[in-house]
Amino acid sequence: MKFIDEYRDPAAAGRWLAAIRGLVTRPWTLMEVCGGQTHAILKYGIDELLPREVTLLHGPGCPVCVTPLEKIDRAVELASRSDVIFCSFGDMLRVPGTDRDLLSVKASGGDVRIVYSPLDAVRIATENPDKQVVFFAVGFETTAPGNAMAVYQAKRAGLGNFSVLVSHVLVPPALEAILGSPSCRVQGFLAAGHVCAVMGYSEYIPIAARYKVPIVVTGFEPIDLLHGVFLCLKQLEEGRAEVENQYARVVSELGNRPAQALVREVFGVVTRAWRGIGEIPGSGLGLNEAFAGFDAERRFDLSAVGPRPEPAECIAGQVLQGLRKPHECQAFGTRCTPEHPLGATMVSSEGACAAYYQHRRVVGGQEGSR
Amino acid sequence: MCLAVPGKILSMSGDDPWTRTAKVSFGGVVIDVNLAYLPDVKVDDYVIVHAGFALSQIDEAEALRIFEDLSGLTAELGEDGEPAV
């Protein structure tokens, strides 16, 4: 396929690896922000091909993984109601709540539907006027434009039976939270290409300057990732800390302005809790007052579903902050598998634990394939 | 949720800017995509789609530049990454 095959070319990858080897003079630790990048790195073995001096840490960019347990429990509560059709992106269905997940609600007769676009949920609401339709509005800046459009169009159509359970998160405050931690080891970031396709990259410029870290907007194919690593290492070796755009075929500095405008109209910045990490100020989106009537947490009484403790054995929070790697968990691959996950990082197609499970033969706290 | 591959616009339909739709092919798999956020695209353009919305158009000149940069670098360094002499 055009714009894919050439970015998976082994010969080009070999030449980028040679360029990286010729560049590195000392140890460096980088973090790829997006879970999609983590999966590509593990799938193609990029972390193992890089020189020994280069360590890749895996970042928090997995929306499924960082959605708080309380929100999952609220989703389960809503989906269990006989008057509700609960709509969600597919990857949320197997995320463990305190007692069960959305898939088990569906299995026991709840009307839980997987949708590809949030507009599908709006259509379902139009077609089912005697039901309440709730859409689970999760994700980073990439899904916010679609979710904003769904709410905007529901309001435009005067749909009284549509609402959203919102758990939207934003990348830049999470980077600042990671960089502000005393245990932070990250010296450079590969920023999430598709988040920047929506938002542009100007908001990363003050972060790079304040924390003196290079931030390279990077794509998702092997050649993109190697190129991103190369640009980031080049900055580090030369003592620079700038924002660079590796993914210029998709990302412009200003991003998608119409999308940003509608997101701003529908959503405002709020403090959000991140699963396994905790509250980060200004790190999420919530519905603005003009759209508050579409907030499922206002429409339904969910006050009985409050914060609950995480499974004690799960280290997902530390994995999401780059403090530990998935295979360092004693439950990895034994008591925690994609079929029976303890934490969301083992479930999601963007979760770091799932990436290690799928692409690296590791068992019981030992990495076997190296 | 943030993963996406480029798709090619096969056709477009509708006049309402909020609901204009394109048929987009991803290696032969065709889906309907909302064009509200990319009003200026045309048939045969490649776009990045998230959750049913086209959010970015592929810049073909930029798509080639990474390989031009690599050629320059390889000429400078040699295939093994050591400076060419």
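As shown above, the structure is provided for reference.
If you're wondering where the values come from, they're calculated on a predicted model, not measured in any experiment.

S.K.: Provide a residue-level description of the overall build of chain A, including the pertinent values.
M.R.: The number of helices and strands found in chain A is 16 helices and 13 strands. Relative to the globule expectation of 21 Å for 370 residues, the C-alpha radius of gyration of chain A, 21 Å, shows essentially globular dimensions. In terms of overall dimensions, chain A has C-alpha extents of about 65 × 45 × 45 Å along its principal axes. In chain A, the share of contacts with a sequence separation of at least 24, taken over all contacts with a separation of at least 6, comes to 77%.

S.K.: So what's going on with the sheet that holds strand 9 (residues 243-245) of chain A? Residues and values would help.
M.R.: Residues and elements named next belong to chain A. An order of 2-1-7-8-9 is seen for the five strands of this open sheet, with the pairing classed as parallel. Looking at the sheet topology across the chains shown, the edges are occupied by strand 2 (54-61) and strand 9. Mean inter-strand twist for the sheet, computed between neighbouring axes without regard to direction, equals 25 degrees. In the packing of helix 12 (residues 222-238) onto the sheet, contacts are made with strand 1 (28-34), strand 2, strand 7 (188-192), strand 8 (215-218) and strand 9, and the angle to strand 8 comes to roughly 170 degrees.

S.K.: How would you explain the packing of helix 1 (residues 10-21) of chain A against helix 12 of chain A if you had to name every residue and give the values?
M.R.: Between two packed helices, the angle of one axis relative to the other and the distance separating the axes together describe the packing. Residues and elements named next belong to chain A. With their axes 10 Å apart at the nearest point, helix 1 and helix 12 run at an angle of 15 degrees to one another. Between helix 1 and helix 12, the crossing angle belongs to the class labelled roughly parallel. The handedness of the crossing between helix 1 and helix 12 comes out as left-handed. Mapping the contact onto sequence places Ala12, Ala13, Trp16, Leu17, Ala19 and Ile20 in helix 1 and Pro222, Ile223, Leu226, His227, Val229, Phe230 and Leu233 in helix 12. Across the contact of helix 1 with helix 12, the residue classes break down as 12 nonpolar, one polar and no charged.

S.K.: Before we move on, could you go through the interface of chain A and chain B and cite the residues and values that matter?
M.R.: Across the contact, 45 residues belong to chain A and 33 residues belong to chain B. Where the side of chain A that touches chain B is concerned, the elements lending two or more residues are helix 1, helix 4 (63-66), helix 7 (118-127), helix 8 (144-156), helix 10 (193-199), helix 12 and helix 13 (257-266) of chain A. When grouped by side-chain class, the residues that make up the side of chain A that touches chain B number 27 nonpolar, 12 polar and six charged.

S.K.: Before we move on, can you summarise the pairing of strand 4 (residues 46-50) of chain B with the specific residues and values?
M.R.: Residues and elements named next belong to chain B. The buried count for strand 4 comes to five of five residues, which makes it a mostly enclosed element. Side chains Tyr46, Ile48 and His50 of strand 4 all project onto a buried face; the interleaved residues Val47 and Val49 project onto the opposite face, where all are buried too. Pairing analysis gives two bridges linking strand 1 (residues 7-13) to strand 4, with the strands arranged antiparallel. Along strand 4, the bridge assignment pairs Lys8 with Tyr46. Here strand 4 runs beside strand 5 (residues 53-57); their pairing, made up of four bridges, is antiparallel. Note on strand 5: the bridge partner recorded for His50 is Phe53. Hairpin connection, strand 4 to strand 5: the antiparallel pair is bridged by two residues, and Ala51 has positive phi, about 50 degrees.

Scoring rules and cut-offs
- Residues numbered from 1 in each chain as written.
- Chains lettered and ligands numbered in written order.
- Predicted model: local features only at pLDDT ≥ 70, side-chain atom pairs only at ≥ 80, totals over all residues.
- Helix = DSSP H or I, 4+ residues; strand = E, 2+ residues; numbered from the N terminus.
- Rg over C-alpha atoms; globule rule 2.2 N^0.38 Å.
- Contact = placed C-beta atoms within 7 Å.
- Pairing = 2+ DSSP bridges.
- Axes fitted to C-alpha atoms, helices over the stretch in contact; angles between N-to-C directions.
- Parallel < 35°, antiparallel > 145°, perpendicular 65-115°, else oblique.
- Left-handed = near helix turned anticlockwise from the far one by under 90°.
- Nonpolar A, V, L, I, M, F, W, Y, C, P; charged D, E, K, R; others polar.
- Buried ≥ 20, exposed ≤ 12 C-beta atoms within 10 Å, placed from the backbone.

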